[in-house]
Amino acid sequence: MNTEKRLLRPDMMPHMLCPGCGHGIVFEAMLRVLDRRFATLDQVVFVAGIGCSSRIVGYIDAGTLHTTHGRPLTFATGLKMARPELTVIVVTGDGDGLSIGGNHLIHAARRNVDLTCLLFNNEVYGMTGGQAAPTTVRGAYTSTTPGGNRETPFDAARLAEAAGATFVARAQSYRPQLFEGILEQALDHRGFAFLEVLTDCTEYFGRTNRLGTGVDLLQSQSRAEPAIGVDLAARPTLRPVAETAVRPTLPMGVFHQSRRPTLAEALGVGGGGDELAR
Amino acid sequence: MLQQIEGSRAVAEMVALCRPEVVCAYPISPQTHIIEALGAKVKRGDLAPCEFINVESEFAAMSVAIGASATGARVYTATASQGLLFMIEAVYNAAGLGLPVVMTLANRAIGAPINIWNDHSDAMAARDTGWVQLFAETNQEAADLHAQAFRLAEAVSLPVMVCMDGFILTHAIERVDLPSQEQVDAFLPGYRPRQLLDPAEPVSIGAMVGPEAFTEVRYLAHVRQLEALERIPEIAAEFCGHFGRCSGGLLRPYRLDGAELVVVALGSVLGTIKDTVDALRDEGARVGVLGITTFRPFPAEAVRAALADVRRVVVVEKAFSIGHGGVLTADVAGTVSDRAVPVATVVAGLGGRPITRASLRPVFQAAAAGRLEPLTFLDLDREVVERELARMASRHRSGPTAENVLRDLGAAGSKIL
């Protein structure tokens, strides 16, 4: 496919995503959006942390900055302040962006740094082998919750909104077209655009919880049900779950959009400014 | 009981036998198998009343460990590489407060460029934190050192870091003799803290200290480290008596009898070094090996005694102080500074590069002949380096070095993850 040839680094292939992983679907959808929007990626910079989602940035043939675990939003803040004219896209995951880097997420949202933060949420640490994340649903088995997770997960989108993000949305790997449309809006937005995308880790989360293949997990998403929660509770093969796994049915779409000065505008960085800043 | 077991699992089994009361950690390769195994044990109720806490970062892991330890709990955590760096403020804090946390460091390189494979850069970055640092040569020793670590930490009220080579030990399945609960209980009594947060007798832990007392408090930390230097051989000897095999201690001398050249190193590479030295000995070379088991506190007197009759020293290091040279070398050189004994550094195994007998042998031969440079980088590809230097010289904007070198090697797409 020409799009892929234009946007990808062929020398980095094959990629490292597992069979059935939802990240590939989201990544491809992202490439389609990039292909439509940008004749060249020269003015686009991708910033990533550590994890399976962050890793995909290495496959994009653009300026890419690979940072330490949890810190892409801070590196991106510096980058954006130094070169405000660049389009900055942060690719992070639930472990990277909500756990070890959770502090930076709320501050980047509060400051309204003008960038797009794409957070892949697969409810688990995939790259290190399937440990519990702050997004793991209650009751779910992971390699560090062998008795089922007892902790309550974050709602990333609500967290970002409460922290001050001026664009907040959620999409899922089952509906890449919806994701594409929302990503377009996020890229159009001036200010901190937070887009959570639900994807499935088949190899660790799916296998550990006996939720079937990647297709099974996508179908579970498609039923727009409290997907993983219901499946977990319904599986007779599972060990008894002390507290039934509960993930409320998650709405998709754009939840919040507002306009207030970006960090660059507030600081007068990059000239021009904006009436809102004054 | 003898078992064929992964190094990480062996450590987890031994830590479990030490009856920890709080285990907390954040996943990072190559440490994760240890805490996963402990998590499973806690779930099964094998370690009751132990709590297993999933935290949001390594910084939280060490902070939780400190909080738990301050209440008098026996606490264990594990990390590696970037994880150690991220928790470093709390690492200093644990030592400064004198809390006997035990931590496994599954040694791994530090980025950038990111690299998950083994070297000792992480341990060296924590050299001056005030933690005791022990290095395991084998999986058996890695397991054994943990029992000794709890014993030592609680005896001198200092945190102890057990360093084991990432992947080379953590992921290798080897024969390990694991003791019974009764044996470990007899060796490791319950923790009797010197300080604890106790409602019946309130204290303040972590008070601010100004110039009037900071030097004294720091000096006392040094005194405790020196006390550890006394206690480590005693504990190792006791361990030997209890378990019928010897592990730990300050040093691991090997074929030092009549040695004119001694190779000094830390950790699992000692195995390869000993094999190389055996072959050289067979050919009549007077070569020996000195393994450093206790790196901090540094056993200077013991090293001095071990090197008393030596004419040349080579220190094989899996890390170096960039812009200077060997780290361990400086410590070792200090013990022979009153004699004309050249101490050369061989930097090897960075970022997981294998250290082979074939590469070590000519280096040791050169050292024995007095032809080894003071600082050598084992198996360094000079041509690749020269090409990148040429690129940098020809063009100011030569680009990111790591990417350039990978591209030069045609390895940009190599998936080492």
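This is a predicted model, so every value here is computed, not measured.

Draft legend 1. Representation of the overall build of chain A. Looking only at helices and strands, chain A features twelve helices and nine strands. Within chain A, the proportion of its 278 residues that are buried is 56%. Long-range contacts, defined here as pairs at least 24 residues apart, represent 69% of the contacts in chain A between residues at least 6 apart. Of the roughly 11,100 Å² that chain A leaves accessible, carbon and sulfur atoms contribute 54%.

Draft legend 2. Just the pattern of salt bridges, in detail. Taken as a whole, this structure holds 36 salt bridges over all chains when the rule is applied. The partner of Asp 185 of chain B in a salt bridge is Arg 19 of chain B, with the nearest N and O atoms 2.8 Å apart. Of the two residues, Asp 185 of chain B is situated in helix H8 (residues 181-187) and Arg 19 of chain B in the loop between helix H1 (7-17) and strand E2 (22-25); the sequence distance between them amounts to 166 residues. Given a relative accessible area of 33%, Asp 185 of chain B falls into the partly exposed group. The partner of Glu 141 of chain B in a salt bridge is Arg 252 of chain B, and the shortest N-O contact between them spans 2.6 Å. Placement of Glu 141 of chain B in helix H7 (residues 139-156) and of Arg 252 of chain B in strand E9 (residues 251-254) is noted, with a sequence separation of 111 residues between them. A relative accessible area of 23% means that Arg 252 of chain B is categorised as partly exposed. Within this structure, Glu 28, Arg 32, Arg 36, Arg 37, Glu 180, Glu 184 and Asp 188 of chain A form a network of salt bridges that share partners.

Draft legend 3. Region of the structure containing helix H12 (residues 328-335) of chain B. Residue and element names in this part refer to chain B. Restricting attention to buried positions, one finds in H12 the residues Leu 328, Thr 329, Asp 331, Val 332 and Thr 335. Here the buried residues of H12 occupy an arc of 160° about the axis, which is enough to place them on one side. Among the structural elements, strand E10 (261-265), strand E11 (287-292), strand E12 (294-296), helix H11 (300-306), strand E13 (312-317) and strand E14 (343-347) are those in contact with the buried residues of H12.

Draft legend 4. Molecular detail of the confidence of the model for chain A. Taken over all residues, the pLDDT of chain A has a mean of 87, while the share at 70 or more is 86%. Here residues 235-247 of chain A is a poorly scored stretch, pLDDT under 50, and it has 34 contacts once near neighbours within four places are set aside; other chains count.

Draft legend 5. Summary view of the nonpolar core. Counting 106 residues, the largest nonpolar core has Met 62 and Tyr 76 of chain B as the members making the most contacts within it. Taken domain by domain, this core gets at least three of its residues from each of domain 1 (2-243) and domain 2 (251-377) of chain B. If near-sequence neighbours (up to four positions away) are discounted, Met 62 of chain B is found in contact with Thr 77, Met 87, Ala 90, Val 91, Ala 94, Val 101, Met 103 and Trp 131 of chain B. Judged by nonpolar contacts, the second largest core, of 37 residues, contains Ala 62, Phe 120, Ala 169 and Ala 193 of chain A.

Draft legend 6. Examining the pairing of strand E5 (residues 102-107) of chain B more closely. Residue and element names in this part refer to chain B. Most of E5 is tucked away: six of the six residues are buried. Judged by which residues are buried, E5 turns out to be covered on both faces: Val 102, Thr 104 and Ala 106 on one side and Met 103, Leu 105 and Asn 107 on the other are all buried. Here strand E4 (residues 75-79) runs beside E5; their pairing, made up of four bridges, is parallel. From the neighbouring strand, Ala 78 faces E5, where its bridge partner is Thr 104. In terms of strand pairing, E5 meets strand E7 (residues 160-165) through six bridges, oriented parallel. Following the sheet pairing, Ala 106 is matched in E7 by Met 164.

Draft legend 7. Broad picture of the domain arrangement of chain B. Under the domain assignment used here, chain B contains domain 1 (2-243), domain 2 (251-377) and domain 3 (391-417). Averaged C-alpha coordinates put domain 1 of chain B and domain 3 of chain B at centres separated by 38 Å.

Draft legend 8. Region of the structure containing the pairing of E11 of chain B. Residues and elements named next belong to chain B. Of all six residues in E11, six are buried, a share of seventy percent or more. A two-sided burial pattern is seen for E11, the buried positions comprising Val 287, Val 289 and Gly 291 on one face and Gly 288, Leu 290 and Ile 292 on the other. The sheet contact formed by E9 and E11 spans four bridges and is antiparallel. By the bridge assignment, Tyr 254 is partnered in E11 with Val 289. Two strands pair when backbone bridges link them, and E10 and E11 are joined in this way by five bridges, in the parallel orientation. Along E11, the bridge assignment pairs Val 264 with Leu 290.

Draft legend 9. Here's a closer look at the interface of chain A and chain B. Opposite the 25 residues of chain A that make contact, chain B presents 23 residues. In total, about 1,700 Å² of surface goes out of reach between chain A and chain B, with carbon and sulfur atoms giving 61% of it. For the side of chain A that touches chain B, the elements supplying multiple residues, two or more each, are helix H5 (94-100) and strand E6 (131-132) of chain A. Tallying contributions element by element places H5 of chain A first for the side of chain A that touches chain B, with three residues. Here the residues of the side of chain A that touches chain B sort into ten nonpolar, eleven polar and four charged.

Draft legend 10. Region of the structure containing the sheet that holds E4 of chain B. Residues and elements named next belong to chain B. Across the sheet, which stays open at both edges, the seven strands sit in the order E3-E2-E4-E5-E7-E6-E12 with mixed pairing between neighbours. The outermost strands of the open sheet, each flanked by one partner alone, are strand E3 (51-54) and E12. Strand-to-strand twist of the sheet, defined as the mean angle between neighbouring strand axes without regard to direction, takes the value 20°. Against the sheet, helix H3 (residues 58-70) touches E2, E3, E4 and E5, its axis set at about 165° to E4. Helix-sheet contacts for helix H9 (residues 214-243) involve strand E6 (132-135) and E12, and the interaxial angle to E6 is about 35°.

Draft legend 11. Local environment of the side chain of Asp 96 of chain A. Residue and element names in this part refer to chain A. Positionally, Asp 96 belongs in helix H5. Among the polar contacts listed, one links the side chain of Asp 96 to the backbone nitrogen of Ile 50, at a separation of 3.1 Å. Here Gly 70 takes part through its backbone nitrogen, which lies 2.5 Å from a polar atom of the side chain of Asp 96. Contact partners of Asp 96, with chain neighbours within four places excluded, come to Gly 49, Ile 50, Ser 54, Thr 68, His 69, Gly 70, Pro 72 and Gly 101.

Draft legend 12. Just the state of the cysteines, in detail. Tallied over the entire structure, the rule returns one disulfide over all chains. This cysteine, Cys 21 of chain A, is not joined by any disulfide, and Cys 18 of chain A carries the nearest cysteine sulfur, 6.3 Å off. A residue is classified by how much of its surface remains accessible, and Cys 21 of chain A, at 15% relative accessible area, is buried. No disulfide involves Cys 163 of chain B; its sulfur sits 17 Å from the nearest other cysteine sulfur, which is in Cys 18 of chain B.

Draft legend 13. Up close: a nonpolar patch on the surface. A contiguous nonpolar surface patch, about 310 Å² in accessible area, is contributed by Leu 380, Val 385, Leu 389 and Met 392 of chain B. Along the chain, Leu 389 of chain B falls in helix H14 (residues 382-394).

The rules we used
Residues numbered from 1 in each chain as written. Chains lettered and ligands numbered in written order. Predicted model: local features only at pLDDT ≥ 70, side-chain atom pairs only at ≥ 80, totals over all residues. Heavy atoms only, no water. Helix = DSSP H or I, 4+ residues; strand = E, 2+ residues; numbered from the N terminus. Buried < 20%, exposed > 50% of the residue type's maximum accessible area, 1.4 Å probe, protein only. Contact = heavy atoms within 4.5 Å. Areas by Shrake-Rupley, 256 points an atom, 1.4 Å probe, with all protein chains shown as cover. Salt bridge = Lys/Arg side-chain N within 4 Å of Asp/Glu carboxyl O. Arc of directions from axis to C-beta. pLDDT = per-residue confidence, 0-100. Core = buried A, V, L, I, M, F, W, Y, C linked by side-chain atoms within 4.5 Å. Domains from an automatic or database assignment. Pairing = 2+ DSSP bridges. Buried area = accessible area lost by both parts, 1.4 Å probe. Nonpolar A, V, L, I, M, F, W, Y, C, P; charged D, E, K, R; others polar. Axes fitted to C-alpha atoms, helices over the stretch in contact; angles between N-to-C directions. Polar contact = N/O pair within 3.5 Å; in protein donor to acceptor, adjacent residues only side chain to side chain. Disulfide = S-S within 2.5 Å. Patch = residues over 30% accessible without salt bridge, like charges linked within 9 Å, V, L, I, M, F, W, Y side chains within 5 Å.

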